[in-house]
Amino acid sequence: MNDLFGRGGARKGAAGQGEGYSAKDIEVLEGLEPVRRRPGMYIGGTDENALHHLAAEVIDNAMDEAVAGHADRIEVTLEASNWLTVRDNGRGIPTDPHPKFPKLSALEVILTTLHSGGKFSGKAYDTSGGLHGVGSSVVNALAERLEVEVARDRTLFTQSYERGKPVTKLKNAGSVQNRRGTTIRFKPDPEIFGTLEFKPARLFRFCRSKAYLYRGVEIRWSCDPSLVKDDTPAEAVLHFPGGLTDFLAGAIEGQATVVPAPWAGLAEFPEAAGRVEWAVTWVERGEGFLNTYANTIPTGQGGTHEAGFRAALVKGLRAYGELKKDKRAATVTAEDLLGGLAGMLSVFIRNPHFQGQTKDKLTNVEAAKLVENALRDHFDHWLAGDPATADNLLAFAIERAEERLRRRAEKDTPRKSATRKLRLPGKLADCSRESAEGTELFLVEGDSAGGSAKQARDRETQAVLPLRGKILNVASASTEKLRQNQELKDLIEALGCGVGDRFDIRRLRYGRVVIMTDADVDGAHIAALLMTFFYKELPELVREGRVFLAQPPLYRLQAGGVSVYAMDDADRERVLKARFKANQKVEVSRFKGLGEMPPASLKETTMDRKKRTLLRVVLPPEDRAYTSERIDALMGRRPELRFQFIQENAASVEAEALDA
Ligand code: 0RA
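Every value quoted in this text rests on a predicted model; they were computed, and no experiment measured them.

Caption draft 1: Broad picture of the sheet that holds strand E20 (residues 547–550). Read from one edge of the open sheet, 5 strands run E18-E17-E19-E20-E24, paired in mixed fashion. In the strand order of this sheet, the two ends are held by strand E18 (462–467) and strand E24 (614–616), each with one partner. Within the sheet, the average angular offset between the axes of one strand and its neighbour, ignoring direction, is 30°. Helix H20 (residues 521–537) contacts strand E17 (440–445), E18, strand E19 (512–516) and E20 of the sheet and is inclined by roughly 155° relative to E19.

This is the structure we're talking about:
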């Protein structure tokens, strides 16, 4: 077989190692064991999200091939038995001997070694790190069985794997005409994912968003009709020549906009072999959104492309204002202009790099200027081409700027003086620090837990607000009821940043909010109600990563002067085995609630910055519509949606998680 990868490379790889494998090679090739041992490190867990990462990975690889211009059709097929097939009509994964491991095909190296993809083309395959772009090998490792078919050079090649290991040789399965591309068919391993299965609705939405993001691809979706329990189609051809504009039209349906038609366009950056696409409008009322993507991967935390986008818009609008000799335009900031903006921004660049806790922030420096320059030009033209619309937009932004300045006059005061003016809830035990920076508001369940927390806290930086039992469920209550609810009023007053139209994050009186409820089912329910409140009423705080869950223990284990805490029943058993001798008499106490915990224990386990663990509440980056649907289903007014969720998920609940 011909070596496609450069003959010199093949020899260099083998030089000094003799023929065959060296011990070092084998070490590299045995790379998939860690994936099966600790799947969480590679796909963020073993839950439904993690399972769907496998599908996303395989579809993203096919998308990369399409975005690189080598494929224009992708077929995604879900079978009743949870087998997923992704077929593209691209170049086909190379099947020649791998330059570094000449006894293996490139295909096998890609499927059996971690992070091997990028070593090939140096183009599309090192798209990212962390949760996406983990590589086909991770999918292979976590699949009970995976079958690959490559049609390349008029030949069909096939090979099968089980749990990451090849179970057949790479077979030449005959010649094919008029066919090219890669087909990956796999079934996630129940040893890893239990009885969890792919959700058609989720896969379908994922495919649909990819088709919106890249109009050069047609995605053929099909799934076994027996799997469909909602309005997900069993078959669909997804192709959107209108791209992002089509998506935006659906997303803002029925809302009044400041401009008559979206500002949308596409610009190439030949110097970076990339391009940018956008579709943007402004909504009269309510909150807008800006969904950003790099190479079709969602960038929930924005990044350099978003920075370039903001700069282009603000500078463009200010310049237009200057042209109109409107001095007020100079006061317009990105926040003013982006506040009511609803839009999509999608870039395609070489070697995108992602960073951040959820790997959803683009960090390529060059993207900022590329996007800014490309968009600035278009935006200037768009404004100049329709002065009536441009004037409306300018007036809209100026109004927001003035509103902001008015508020700043009231609020730019340090915390303490703001406190004097503000009415603070009587139950709040505030902290003493003047500024919000580095401070935390603990929301606790009931007065008795509140009392312990007050004693356990650091007075300078930690404030405590006790809430009475179950707060109002904001997902099912009317706005009127919400406004009248005392607990929520107290909470909003303590936070200081207002809600709805009056929301201003700069008035937030604390750096973080920590939900600290008991380690039992009621505590979990209250935490869910509070998270729903923040998601619905103060989404900015969630988006900025300012909302946290405390992790109080449920048990204390003591023997022979040793005192250890355990989070739940399983943890208690682990701790018993790990920290005490088999015959030791261990005194186990179960805290009925935080109020029963001695303040010193509460401090040590849950509140002390040096020792505690906090969980940050984040939105899944890949799919905002999914979050909102899920919250509506679980917390909203329609019990039948909850019932459906319980029916679909009951099988994966472990008995020990139930806590009477
Ligand atoms: C490595 C190198 C080349 C293509 C691919 C991988 C490839 C991977 C996937 C995964 C799904 N579909 C795919 N299609 C292609 C480049 C091969 C060449 O230069 O011909």
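From this point, the narrative continues.
Caption draft 2: Representation of the packing of helix H5 (residues 48–67) against helix H10 (residues 200–213). The N-to-C vectors of H5 and H10 enclose an angle of 30°; their axes lie 11 Å apart at closest approach. In terms of orientation, H5 and H10 fall into the roughly parallel class. The element H5 and its partner H10 pack so that their crossing is right-handed. Residues Glu48, Asn49, His52, Ala55, Ala56, Ile59, Asp60 and Met63 of H5 pack against Arg202, Leu203, Phe206, Cys207 and Lys210 of H10.

Caption draft 3: Examining H20 more closely. Over its 17 residues, H20 extends 24 Å from the first C-alpha to the last, a length consistent with the 24 Å expected when each residue adds 1.5 Å. For H20, the set of buried residues is Gly523, Ile526, Ala527, Leu529, Leu530, Thr532, Phe533, Phe534 and Tyr535.

Caption draft 4: Spatial organisation of the sheet that holds strand E10 (residues 263–269). The 5 strands are arranged E10-E11-E14-E12-E13 in an open sheet whose pairing can be described as mixed. The sheet is open, and its two borders are formed by E10 and strand E13 (297–298), each paired with just one other strand. Relative to strand E14 (residues 341–348), strand E11 (residues 274–282) runs antiparallel, the two being bridged by 8 bridges. Looking at the pairing, Val276 lines up with Val347 of E14. Relative to E11, helix H11 (residues 243–251) is tilted by about 25°, and along the sheet it contacts E10, E11, strand E12 (289–294) and E14.

Caption draft 5: Quick peek at the UniProt feature "site: Interaction with DNA" (unreviewed entry) in the protein. Per the UniProt record, the feature "site: Interaction with DNA" (unreviewed entry) sits at Asn473, His525 and Arg642. Take His525: it is sitting in helix H20. For Arg642, a relative accessible area of 26% gives the class partly exposed. The contacts of Arg642, once residues within four sequence positions are left out, are Ala633, Leu634, Met635 and Gly636.

Caption draft 6: Seen up close, the packing of helix H17 (residues 446–456) against helix H23 (residues 599–607). Contact geometry of H17 with H23 gives a least axis separation of 8 Å together with a crossing angle of 75°. Between H17 and H23, the angle falls in the class roughly perpendicular. On H23, the residues touching Ser452, Ala453, Gln455 and Ala456 of H17 are Pro599, Leu602, Lys603 and Met607. For the contact of H17 with H23, a count of residues per class yields 5 nonpolar, 2 polar and 1 charged.

Caption draft 7: View of the side chain of Thr155. Relative to the assigned elements, Thr155 resides in strand E4 (residues 155–162). Judged by its relative accessible area of 16%, Thr155 falls in the buried class. Among residues more than four places away in sequence, those in contact with Thr155 are Val150, Asn172, Gly174, Ser175 and Val176.

Caption draft 8: Representation of the packing of aromatic side chains. Following the criterion strictly, the structure yields 12 aromatic pairs and no others. These aromatic residues form a ring-pair network of at least three members: Trp263, Trp278, Trp282, Phe379 and Trp382. Above the ring of Phe348, the side-chain terminus of Arg275 is found at 4.2 Å from the ring centroid. The ring of Phe548 carries the charged tip of Arg512 above its face, separated from the ring centre by 4.4 Å.

Caption draft 9: Representation of the pattern of salt bridges. Applying the stated rule across the entire model yields 44 salt bridges. Across the pair Lys427 and Asp490 runs a salt bridge whose closest N-O atoms are separated by 3.9 Å. Here the residue Lys427 occupies a position in the loop between helix H16 (415–421) and E17, and Asp490 occupies one in helix H19 (residues 486–495), the gap between them amounting to 63 residues. Salt-bridge contacts for Glu544 lead to Arg546; the nearest nitrogen and oxygen are separated by 2.9 Å. You can call Arg546 partly exposed: its relative accessible area is 23%. Each of Arg36, Glu144, Arg163, Asp189 and Glu191 takes part in a single network of salt bridges with overlapping partners.

Caption draft 10: Fine view of the pairing of strand E1 (residues 73–78). Residue alternation in E1 divides its side chains into a buried set, Ile74, Val76 and Leu78, and an unburied set, Arg73, Glu75 and Thr77. Two strands pair when backbone bridges link them, and E1 and strand E8 (residues 218–223) are joined in this way by 6 bridges, in the parallel orientation. The residue bridging Thr77 from the neighbouring strand is Ser222, located in E8. The sheet contact formed by E1 and strand E2 (residues 84–88) spans 5 bridges and is antiparallel. Following the sheet pairing, Glu75 is matched in E2 by Arg87. In sequence, E1 turns back onto E2 through a hairpin of 5 residues, with Asn82 there showing a positive phi of about 70°.

Reading the values: rules and limits
- Residues numbered from 1 in each chain as written.
- Predicted model: local features only at pLDDT ≥ 70, side-chain atom pairs only at ≥ 80, totals over all residues.
- Heavy atoms only, no water.
- Pairing = 2+ DSSP bridges.
- Helix = DSSP H or I, 4+ residues; strand = E, 2+ residues; numbered from the N terminus.
- Axes fitted to C-alpha atoms, helices over the stretch in contact; angles between N-to-C directions.
- Contact = heavy atoms within 4.5 Å.
- Parallel < 35°, antiparallel > 145°, perpendicular 65-115°, else oblique.
- Left-handed = near helix turned anticlockwise from the far one by under 90°.
- Expected span 1.5 Å × (residues − 1).
- Buried < 20%, exposed > 50% of the residue type's maximum accessible area, 1.4 Å probe, protein only.
- UniProt positions renumbered as here; feature names shortened; annotations may be inferred.
- Nonpolar A, V, L, I, M, F, W, Y, C, P; charged D, E, K, R; others polar.
- Phe/Tyr/Trp six-rings, centres within 6.5 Å; stacked < 30°, edge-to-face > 60°.
- Lys NZ or Arg CZ within 6 Å of the ring centre and 35° of its normal.
- Salt bridge = Lys/Arg side-chain N within 4 Å of Asp/Glu carboxyl O.

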